[in-house]
Amino acid sequence: MSLTTYCEFDEVRSALGVNDLELKDSVLALPVYEMGLVRELNKISTSLTAAFSTVTSLAPEDRTEVQAALYDAVHVFSVYAAARQVGVSLSVFAPKDVGDGKATLSRFSGEPFKVTMDGINEYYQIAKDSVRQAFEAYNGSNNTVAASLTPATLFKASGRSYDPVEGA
């Protein structure tokens, strides 16, 4: 598999605000980014990648509303999860200035990409919640028995029968 199973390289670059000269396809095609994304999806549910694969195998016009919602949610989440991984080294591959005179290149120092990464992390959390909701709906449409079960109440809060300050 490849990262392109879940999202396009240009979408990841767009989230980061870089172009294909600054972040090449060969970098995004490295297996580490796809492995990282699959790990993120497995944190949500170990069966999420299989469900996404099942939905992806259907033609878009044949997908139910719940299947389409799952596909869209995983797709958007994948963009921001991959951008979050790649963004760790954003200051290394995105040049500040490129000169033509003596082929100069200067890079940013410090944290100039903090705003970008903060935005990516914010969208990542929103997209992660969206995937959880879409996957719950997908599972609910495939398994109505599990949705009807409610967990047992094991503990309940109770008040004190005496006042420890007054001793009564």
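Rules used throughout
Residues numbered from 1 in each chain as written. Predicted model: local features only at pLDDT ≥ 70, side-chain atom pairs only at ≥ 80, totals over all residues. Heavy atoms only, no water. Patch = residues over 30% accessible without salt bridge, like charges linked within 9 Å, V, L, I, M, F, W, Y side chains within 5 Å. Areas by Shrake-Rupley, 256 points an atom, 1.4 Å probe, with all protein chains shown as cover. Salt bridge = Lys/Arg side-chain N within 4 Å of Asp/Glu carboxyl O. Helix = DSSP H or I, 4+ residues; strand = E, 2+ residues; numbered from the N terminus. Buried < 20%, exposed > 50% of the residue type's maximum accessible area, 1.4 Å probe, protein only. Core = buried A, V, L, I, M, F, W, Y, C linked by side-chain atoms within 4.5 Å. Axes fitted to C-alpha atoms, helices over the stretch in contact; angles between N-to-C directions. Parallel < 35°, antiparallel > 145°, perpendicular 65-115°, else oblique. Left-handed = near helix turned anticlockwise from the far one by under 90°. Contact = heavy atoms within 4.5 Å. Nonpolar A, V, L, I, M, F, W, Y, C, P; charged D, E, K, R; others polar. pLDDT = per-residue confidence, 0-100. Lys, Arg positive; Asp, Glu negative; His and termini not counted.

A. Layout of a nonpolar patch on the surface. Together, V27, L30, V32 and M35 line one region of the surface with nonpolar side chains, adding up to about 320 Å² of accessible area. Position of M35 among the secondary structure elements: in helix 3 (residues 31-44). Relative accessible area serves as the criterion here: at 47%, M35 is assigned to the partly exposed category.

B. The nonpolar core, seen in detail. Counting 38 residues, the largest nonpolar core has L16, L48, L70, V74 and F77 as the members making the most contacts within it. Secondary structure elements with two or more residues in this core: helix 1 (9-16), helix 3, helix 4 (48-56), helix 5 (65-86) and helix 7 (114-142). At 10 residues, helix 5 tops the list of elements feeding residues into this core.

C. Representation of the packing of helix 1 against helix 5. One way to put it is that helix 1 packs onto helix 5 with a least axis distance of 9 Å and a crossing angle of 60°. As judged from the angle between their axes, helix 1 and helix 5 are oblique. Of the two elements, helix 1 crosses helix 5, and the hand of that crossing is right-handed. For the pair formed by helix 1 and helix 5, the contact residues are E11, V12, A15 and L16 on the first element and H75, V79, Y80, A82, A83 and V86 on the second. Among the residues forming the contact of helix 1 with helix 5, the class breakdown is eight nonpolar, one polar and one charged.

D. Just the confidence of the model for the chain, in detail. Taken over all residues, the pLDDT of the chain has a mean of 82, while the share at 70 or more is 71%. Across the chain, the element-wise mean pLDDT spans from 41 in helix 8 (residues 144-148) up to 96 in helix 5. Of the regions scoring below 50 in pLDDT, residues 144-150 engages in zero contacts with residues more than four places distant in sequence or in other chains.

E. Looking closely at the side chain of K128. Position of K128 among the secondary structure elements: in helix 7. We note that K128 is buried and unpaired, the nearest opposite charge coming from E40 at a distance of 4.5 Å. Setting aside anything within four residues of it in sequence, one finds K128 in contact with E40, I44 and F77.

F. Representation of the pattern of salt bridges within the structure. Throughout the structure, instances matching the rule amount to four salt bridges. Because the salt bridges share partners, they merge into one network encompassing D10, R13 and D25.

G. Quick look at the environment of D25. Within the secondary structure, D25 is located in helix 2 (residues 25-28). In the structure, D25 is positioned 12 residues away from R13 in sequence and 9.6 Å away in space, judged by C-alpha atoms. Setting aside its immediate chain neighbours within four residues, D25 contacts F9 and R13.

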